[in-house]
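This is what each chain is made of:
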Amino acid sequence: MPLTEQQNIRLTRELLDHCNRIRREAGYNPISLRSMLTSEGAQRTLRKISSRETSGLARLYELGHATLSIEQYILDSEWVAVLEPGIVNQCRANLREA
């Protein structure tokens, strides 16, 4: 089921905050992710990035910080029960394949 507008706004804010955490802890600035979140919101962004292995996920693996990926964030959060099953399943698949 799609997120409500309020849920989408809340998740977008959380993911933008998580982008700041990624930059602080991994030294990697996910510029394209931040841009997509700002322009399209969380739900549309997650549909896009969950459809394939992302360069951000690959970069975080290279840096030894895969646990900071958006995919892992989603799977470890309350959002896993609210997001469309396809997004959640693809997040799992991306992490297995990375």
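Higher on the page you've got the structure.
How each quantity is defined
Residues numbered from 1 in each chain as written. Predicted model: local features only at pLDDT ≥ 70, side-chain atom pairs only at ≥ 80, totals over all residues. Heavy atoms only, no water. Helix = DSSP H or I, 4+ residues; strand = E, 2+ residues; numbered from the N terminus. Expected span 1.5 Å × (residues − 1). Bend = angle between axes of the 7 residues up to and from the residue. Buried < 20%, exposed > 50% of the residue type's maximum accessible area, 1.4 Å probe, protein only. Contact = heavy atoms within 4.5 Å. Salt bridge = Lys/Arg side-chain N within 4 Å of Asp/Glu carboxyl O.

A word on helix α2 (residues 31-49). In an α-helix, one turn spans 3.6 residues, which is why side chains three or four residues apart end up on the same side. Taking 1.5 Å per residue as the helical rise, α2 with its 19 residues ought to reach 27 Å, whereas the 14 Å between its terminal C-alpha atoms falls clearly short. When the local axis directions of α2 are compared, the greatest deviation, roughly 120°, occurs at G41. Considered for burial, the residues of α2 that qualify are L33, M36, L37, G41, A42, Q43, T45, L46 and I49. Looking at the buried side of α2, the elements it contacts are α1 (5-26), α4 (70-75) and α5 (85-97).

Once that is clear, we can look at α1. An ideal rise of 1.5 Å per residue puts 32 Å on 22 residues; α1 measures up with 31 Å between its terminal C-alpha atoms. For α1, the set of buried residues is N8, L11, T12, E14, L15, H18, C19, I22 and A26. In the core, the buried residues of α1 are packed alongside α2, α3 (55-62) and α4. Looking one or two residues past α1, G27 carries a phi angle of roughly 70°, positive in sign.

Following the criterion strictly, the structure yields 6 salt bridges and no others. In this structure, E78 engages R10 in a salt bridge whose closest nitrogen and oxygen atoms are separated by 2.7 Å. Of this pair, E78 sits in the loop between α4 and α5 while R10 sits in helix α1, placing them 68 residues apart in sequence. A residue is classified by how much of its surface remains accessible, and R10, at 38% relative accessible area, is partly exposed. Among the charged side chains, a salt-bridge network with shared partners connects R10, E14 and E78.

The next thing to look at is the side chain of E84. Checked against the element boundaries, E84 lands in the loop between α4 and α5. Classification of E84 by relative accessible area gives buried; the value is 18%.

Function-wise, these values are silent; they only describe arrangement.
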